[in-house]
Amino acid sequence: MIVDWTALSSDRDETADVCVVGSGCGGATIAHVLAEAGKKVIILERGGAYAAADFDQREEDMLAKVDGGRGLDASHDLSVQLTYGNNVGGASVHYWADSYRTPIDRLELWQEKFGIQGHDHDALEPHFARIEKDLNVHVAAPEYWNPMNRLVQQGAKALGWTGHGVPQARKGCQKSGYCMQGCAYDAKQSQLVTYIPRALAAGARLFADTEAWRFERAGAKIVSLTARVIDRARNKPKGPVVRVRAKAFVLAAGGYGTPTVLLRNGFQRELPAVGQYTICNPCPMVHAVFDREIVQFRNIPAAFAVEHFRLARMEGGKYVEGGYLLMANQLQPATLAAVLPGVGASHRALMRDLRRLGGTISWIDDADYGSISLDGDRPRFRVPIDGQNGLRIRDAMKKQARLLLTVGAKEVLFGDLRDTRITRLDQIDGAVGSLDLGPGRVVLAAPHPAGGARMGSDRKTSVVGFDHRVHGTDNLFVADPSVFPNGPSVDPSVTIMAFSYVAAEHVAKVV
Ligand SMILES: Cc1cc2nc3c(=O)[nH]c(=O)nc-3n(C[C@H](O)[C@H](O)[C@H](O)COP(=O)(O)OP(=O)(O)OC[C@H]3O[C@@H](n4cnc5c(N)ncnc54)[C@H](O)[C@@H]3O)c2cc1C
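In this text the structure is predicted, and so the values were computed from the model without any measurement.

Caption draft 1: Molecular detail of unusual backbone geometry. Phi is positive for Tyr277, close to 60°, though the residue is something other than glycine. Residue position: Tyr277 is located in the loop between helix H7 (254–264) and strand S12 (283–289). The residue Ser489 is not glycine, and still its phi comes out positive at about 75°. Examined against the element boundaries, Ser489 turns out to sit in the loop between strand S23 (476–478) and helix H12 (493–508). Accessibility expressed as a relative area gives 10% for Ser489, which makes it buried.

Caption draft 2: Main features of empty space enclosed by the protein. With the rule as written, the count across this model stands at 6 cavities of 30 Å³ or more. Approximately 90 Å³ is the volume attributed to the largest cavity. What lines the largest cavity is a set of 16 residues, and nearest its centre among them are Tyr256, Thr278, Ile279, Cys280 and Val383. For the lining of the largest cavity, the secondary-structure elements that each account for two or more residues are H7, strand S18 (371–375) and strand S19 (378–382). Across the lining of the largest cavity, the residue classes tally to 9 nonpolar, 4 polar and 3 charged. Taken domain by domain, the makeup of the lining of the largest cavity includes at least three residues from each of domain 1 (2–50 + 100–134 + 192–278 + 448–508) and domain 2 (142–178 + 281–446). Taken as a whole, the second largest cavity spans an internal volume of roughly 70 Å³.

Caption draft 3: Focus on the packing of aromatic side chains. If you walk through the whole model with that rule in mind, you get 13 aromatic pairs. Taking 4.9 Å as the distance between ring centres and 80° as the angle between the ring planes, the aromatic pair formed by Trp161 and Phe309 counts as edge-to-face. Placement of Trp161 in the loop between helix H5 (147–159) and strand S6 (163–165) and of Phe309 in the loop between strand S13 (304–306) and strand S14 (313–315) is noted, with a sequence separation of 148 residues between them. For the pair Trp161 and Phe309, one class covers both residues: buried. Feature note: the residues Tyr84, Tyr256 and Phe381 constitute an aromatic cluster, connected by ring pairs. Over the ring of Tyr144 we find Lys175, and its NZ or CZ is 5.4 Å from the ring centre. For the cation-ring pair, Lys399 lies above Phe309, with the distance from its terminal atom to the ring centre recorded as 4.7 Å.

What counts and what doesn't
- Residues numbered from 1 in each chain as written.
- Predicted model: local features only at pLDDT ≥ 70, side-chain atom pairs only at ≥ 80, totals over all residues.
- Heavy atoms only, no water.
- Helix = DSSP H or I, 4+ residues; strand = E, 2+ residues; numbered from the N terminus.
- Buried < 20%, exposed > 50% of the residue type's maximum accessible area, 1.4 Å probe, protein only.
- 1 Å grid on protein atoms, 1.4 Å probe; cavity = no way out; pocket = protein on both sides within 12 Å on 5 of 7 lines; lining within 4 Å.
- Points joined across faces, edges and corners; volume = space filled by probe spheres on them.
- Nonpolar A, V, L, I, M, F, W, Y, C, P; charged D, E, K, R; others polar.
- Domains from an automatic or database assignment.
- Phe/Tyr/Trp six-rings, centres within 6.5 Å; stacked < 30°, edge-to-face > 60°.
- Lys NZ or Arg CZ within 6 Å of the ring centre and 35° of its normal.

This is a description of form; function is not addressed.
Okay, here's the thing in structure tokens:
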């Protein structure tokens with residue numbers, strides 16, 4: 001059962017075994033596991049409840065519905081655009097559906113460098129297998145590869161860069177290309193069509209438009225959680241609240257949301273790592289004009305990925321190259337118009353070439369941590385893009401330009417404020433070397449937030465233990481990427497879900 005703001009006109013008191021905050025990959029996964037185990041589960045979701053019929057394939061409508069900041073949220077100095085979920089199903093309704101297992105080398109790093117226990121490959125493997133089955137994860141057949149993906153594969157081959165077909169969570173894809181606007185065909189296997197329905201079928205109750213706000217605490221025990229009902233039409237608190245008493249509470253409000261709830265409730269006084277160590281995979285994009293049709297906005301977004309540079313290569317402690325995935329980019333026309341450089345005649349000329357515009361994007365595996373703090377009640381996100389992150393961003397842009405020119409791009413655009421363009425390989429180093437990465441100068445999106453409530457044993461540098469329980473509490477858990485010690489080095493959704501399965505085992509012990 002889903003209850004939304006229209007049915008919440010007065011205060012309500014509810015009880016449950018487990019109260020889960022957030023209905024994305026982290027929240028929906030743990031909610032369905034615990035509901036199917038017979039626990040009484042309540043899910044509180046700040047965003048709205050939408051179904052496939054609401055996904056009208058209009059970017060301006062859908063961004064306002066499925067994107068947390070309506071496409072306009074940014075880091076403190078406007079360097080990075082923050083993209084995150086704000087709807088039932090969370091960011092998975094917005095996502096591309098790339099579905100990677102966490103690489104073994106990254107799980108080993110988490111174990112060896114960060115001391116993470118209970119989340120190694122052997123522990124996660126059964127969960128990966130189950131997630132892949134439940135979400136129909138597979139590499140897409142050739143008919144689902146658009147021209148841009150074929151070019152990325154050709155370019156990688158020509159340059160000797162390793163890469164593979166990207167595992168996809170899809171069933172019955174119609175190739176519309178509107179993955180980021182919410183799949184109107186229920187083909188993308190988001191949480192909306194997978195673990196949310198299973199949780200509801202097992203008896204979980206979901207309150208949409210309810211923003212978790214204040215915990216009531218008695219020593220180490222969380223007694224209740226009060227959520228503000230959001231008037232969806234005005235996107236503002238409506239007045240009434242929903243108060244949930246439960247035996248256990250799970251924060252799965254996402255990499256931006258979970259640290260925010262913890263900060264609002266003063267947890268950083270005991271646990272200074274709350275909101276620290278944050279990462280977000282800032283993503284640089286490079287655009288290219290071809291002399292033939294690319295139509296990047298149709299078919300699936302990322303059928304093929306260059307994995308050659310996933311791990312950063314260091315020599316003598318100094319950065320040489322890498323630390324990112326490289327894929328075809330997919331943006332719909334209005335979003336493309338917003339991120340392409342220039343105004344007036346030059347911009348109009350580019351938009352006339354829309355069908356011949358291609359491009360690439362990289363997920364940067366953050367080398368520097370940012371932070372989340374509060375400015376009054378509002379979260380403030382600091383994302384460092386100078387330092388080591390900047391080196392990786394520049395290297396990724398160079399490799400993207402090299403690939404695009406190798407496969408015949410007539411002109412490569414870096415999308416910066418100065419509208420830097422090149423046409424030859426020998427121009428790459430100079431052009432990228434002199435790019436201004438300062439605030440608002442280049443477009444960087446940040447779709448993979450994590451780390452703000454990280455896992456560890458030391459209360460000074462971590463927020464949750466290996467059982468996902470917030471240090472110093474009996475019954476407050478975190479089941480989302482906030483617990484990651486650093487990025488998984490691939491798109492994170494499968495890692496988030498697998499960690500949620502582990503968290504569910506620990507939560508089940510206290511309810
Ligand atoms: C455009 C885009 C494309 C992406 N593509 C991919 C991809 O191809 N593959 C991949 O693996 N990953 C991808 N990602 C990332 C992936 O979607 C997310 O990492 C993942 O879905 C996050 O899951 P989550 O449960 O941590 O958080 P979310 O999905 O963000 O869920 C958290 C939920 O909590 C809610 N919430 C927040 N605060 C509160 C509160 N106080 N009270 C109640 N509810 C609250 C939010 O509204 C949200 O719905 C993409 C992300 C974006 C934005």
